[in-house]
Amino acid sequence: MATLFGSGIKRREDPRLITGEGSFVDDIKLYGLTYAAILRSPHAHAKIKRIDASAAKKTRGVIAVFTGRDIEGKVNPVPCAWNPPGCDIKTPPHPALAVDTVRYVGDGVALVVAESRAIARDAIDLIDVDYEPLAAVVDPEAATRPGAPQLHDGIPSNIGFTWPVAGGDADAAFDGAEVSVSLRIVQQRLLPTAIEPRAAVASFNKATGQLTLWATSQNPHIHRFLCSLILGIPEHRIRVISPDVGGGFGSKIPTYADEALTAFAAMAVGRPVKWTEDRSENYKATIHGRDHVEYVEMCGSKDGTITGLRTRVYAGLGAYASTAGPGIPTILHGLMYSGSYMIPNIKGTVYGVYTTTTPVDAYRGAGRPEATFLVERLVDTFARKVAMDPADVRRKNMIPAAKMPYTVATGLTYDSGNYHGALDKALGLIDYKAFRAEQKKARAEGRFLGIGLSSYTEICGLGPSQVAGAVGFGGGLYESAIVRVYPTGVVRVYIGVRPHGQGEETTFAQIVADEFGVPIENVEIVAGDTEATPQGWGTYGSRTTAVGGGALKIAAVRVKEKIRKLAAHLLEVSDEDLEWKDGGFQVKGSPGQKKTFADLALMANVAWNMPAGLEPGLEASAFFDPSNFVFPYGTHICTVEVDVETGETRILRYVCVDDCGPHINPMIVEGQVHGGVIQGIGEALQEIAVYDDNGQLLTGTMMDYAVPRASQMPKIESHFTYTPSPVNPLGVKGIGEAGTIASSVCVTNAIVDALGPLGITHIDKPLTPARVWAAIQQANGGAR
Amino acid sequence: MKRTIEFFVNGEARSVDVEPRALLVHVLRDDLDLTGTHIGCDTSQCGACTVHIDGRAVKSCNVLAVQAAGRRVTTIEGLAKNGKLHALQNAFWEKHGLQCGFCTPGMIMTAADLLASNPAPSEDEIRHALEGNYCRCTGYQNIVAAVKAAAGA
């Protein structure tokens, strides 16, 4: 039988989704369903003097109104679950509804439960809140300055943590360096914008004490765990179901107050409750991404050798530390400062800063795009300073394949890779030399072409649980799978991860079908229901296939080991005399003596004739904890033309060479690259969440936040190299975030390259026509 | 005060009592259980709620249910005929034109309108026709490929 591993078969998720039969949280209806709406603060920072909910309570169809005072002692504050050690972290708990003080526009103030969505929405407008506005501060650097408004007691200068990273002796390297360059980089705040807003439906069975919570979740087991803490309900009485999820990009990792409040309301009113945010609410109340102000430096010698890198980063946390918030700009960011290079001396300080803004947490790439951006911008800036081609500087400093596995100065050990191979392949595909010649010619004609490189290495496949514990992550990072074989030989697999668009219902079935030699139709993958699936930690950090796939493979192999013993017994031979062939175990060289998978599934399940010591039944579970992270890498190169009259950028070509190890389903891998790259291009060219000085979110709807559209985006030329990882049974790395991690700096470098002749050395993202035009004017380059 | 509207939904005559302010998308989802039509924004940008009225694509969050009275509404659930997928549904499946699938119904309904008026669109024409439909997963490339494939089917 041909193997399915490596085959770009059509996705099994799709039939329901293309016919409108998908089941998303807001699609769920229950008998007696009521609807919740949350009143949110219109102020960035204010004291709550008084709340009068009497008019709302009197409204026909309103069942209950809850304020922060009403739920005190009943709904605990929302905790932060990632507290990196060694950085004096302070994470003030986030009250599920504000009691005395609101700290961002969108902070929850009251909850209404009503007979219909419309009544609930109308009723929140009838709640009269008397606010005493306080000063706002939205910029993470400004928030640390003397005199800045203070958000929380006991957190002077709004600094929630000061996280150091160091390897080698960076200060000495800079002191003795022939060349050094520095940049101030603003990595703007972004809105994740999963097209499905968040939603929750809760139902409480008073008789059994069982709470069922349907939630838009990338990690239902984490939601169960944290909801248990917030609601004070034992974990085994909470069932979290995450059905089809309409995109997450990190925004559906955190446990928010809103899901817990929905559950609380269902218990309080004795009827099921649904809460669904609308987009404007999503932009205020769902986490944001990035928000760094960075001071970064690189040093080296005139021959292009990089010897040191230093950073000082102000990372906005928002008003409160979100579930994984503090881990993003530290562990997932600062430890990646070596990029794809041998940089012996690294020193960084990351300040986690509270501002009167929506909390910041993981957004596609989560810390790694910011790291790649600053490293790759510095490499280009350094190359310019030493008058070398940026491709040559990369080649010179890249970690050679022969040195893998390689431990970088920040302490991480990169698992495998041929970085030069990906770079050279990308240079060949874009025909680098030819483009440089074309660029030169165009410049003579007054046209500004640019070419940008981005050689990234990222950390994913999170990760060893021991490391998770050591870095303050409030959970494990292993994964789990149960492979259950039915008497008729069909297979169901229950997984702890929760894919939501990444296609593991298909790729995981490919692995299992291969292992057992059964048609893929006989395999079903089940995810998202904590009652059915074993403890897992969710889908994020490009970990699902690397870690979850590892668990799945091990469980499947366990099943196979068992049926080998059974086959040997039934065929009256020893284990070693058997070989797996064409979907069954047969006696070596004797195809007539064979038991198929279906035969063995039946015989194991009926257990009429089991060998001594072998239990009846046929299922296996596995918990897989990888020995290390995986480190996908690659080089992206794009070419652009910048219209210096208008500041508009046109991407001419975008070539990627990614290496995520072997592909289970190449079609799906490529799809992940496309989506990731476009998200990074959106970040580079147009996306930005803007607050005014009063802390009002000016980009509060899709009218104002520039989500990339089909007509604005280029075609991606996606290519690969294939280097297996040694740390998991499939040899796979992750590919969900690589595109985003690589592309924002790739495009930025190309534009800066185009405008180099004008003396422009850096423009902050997003490089909108207005910003590029302003930079050109400022450079006074004389466009003609 | 609620009003009764009568219209055809996916070929069936339906009668629903609606508030005058009710949006078509809410009536489809909440009253008629046609939850394949999704809501992704509140400012008519995202296009997840796209359905057909009398064969033309409209954003059903931008239409009052009462405006649909007497008209033919087609949702994603009504696109397949006699158990046979529409060419666009097949093409989205074949070309990996969806990932999370949330934008997909609206995307397909918009594309169906495009192909009805322009059976052989260029890549540029496809991209422009879809600019009122947001997808955050696919980067659009395979969606464009799917529409092209469906046009050729």
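Residues numbered from 1 in each chain as written. Chains lettered and ligands numbered in written order. Predicted model: local features only at pLDDT ≥ 70, side-chain atom pairs only at ≥ 80, totals over all residues. Heavy atoms only, no water.

## Topic: the overall build of chain B
Item 1. Counting its secondary structure elements, chain B contains 5 helices and 5 strands.
Item 2. Counting helices and strands in the order they occur from the N terminus, chain B gives β-β-α-β-β-β-α-α-α-α.
Item 3. When the 153 residues of chain B are sorted by exposure, 55% land in the buried category.
Item 4. For chain B, contacts bridging at least 24 residues in sequence account for 56% of all contacts bridging at least 6.
Item 5. Working note: accessible area of chain B is about 6100 Å², and carbon and sulfur atoms make up 48% of it.
Item 6. When the 15 positive and 16 negative side-chain charges of chain B are each reduced to one mean point, those points stand 2 Å apart. (Helix = DSSP H or I, 4+ residues; strand = E, 2+ residues; numbered from the N terminus. Buried < 20%, exposed > 50% of the residue type's maximum accessible area, 1.4 Å probe, protein only. Contact = heavy atoms within 4.5 Å. Areas by Shrake-Rupley, 256 points an atom, 1.4 Å probe, with all protein chains shown as cover. Lys, Arg positive; Asp, Glu negative; His and termini not counted. Charge placed at Lys NZ, Arg CZ, Asp CG, Glu CD.)

## Description of the environment of Glu670(A)
Residue and element names in this part refer to chain A.
Item 1. Take Glu670: it is sitting in helix H17 (residues 666-685).
Item 2. Considered as a pair, Glu670 and Gly583 are 87 residues apart in the sequence and their alpha carbons are 30 Å apart.
Item 3. Once residues within four sequence positions are removed from consideration, Glu670 is found in contact with Ser718 and Phe720.

## So, the interface of chain A and chain B
Item 1. The interface is formed by 55 residues belonging to chain A together with 44 residues belonging to chain B.
Item 2. Surface buried jointly by chain A and chain B totals about 4400 Å² across both partners, of which 55% is contributed by carbon and sulfur atoms.
Item 3. Of all residues in chain A, the largest losses of buried area upon contact with chain B belong to Lys10(A), Ile18(A) and Ile195(A), amounting jointly to 16% of the total for that side.
Item 4. The interface formed by chain A and chain B holds 8 salt bridges in total.
Item 5. For the pair chain A and chain B, the number of links is 27 residue pairs in polar contact (both at pLDDT 80 or more).
Item 6. Elements represented by at least two residues in the side of chain A that touches chain B include exactly helix H1 (14-18), helix H4 (117-124), helix H8 (279-285) and H17 of chain A.
Item 7. With 8 residues, H17(A) is the single largest residue contributor to the side of chain A that touches chain B. (Buried area = accessible area lost by both parts, 1.4 Å probe. Salt bridge = Lys/Arg side-chain N within 4 Å of Asp/Glu carboxyl O. Polar contact = N/O pair within 3.5 Å; in protein donor to acceptor, adjacent residues only side chain to side chain.)

## As for the environment of Arg709(A)
Item 1. Within the secondary structure layout, Arg709(A) lies in the loop between H17 and strand E28 (717-720).
Item 2. Taking relative accessible area as the criterion, Arg709(A) reaches 27% and is therefore assigned partly exposed.
Item 3. Note: C-alpha distance between Arg709(A) and Gly682(A) (27 residues apart in sequence) is 9.1 Å.
Item 4. Within the structure, the side chain of Arg709(A) is placed 3.3 Å from the side chain of Tyr134(B), a separation counted as a polar contact.

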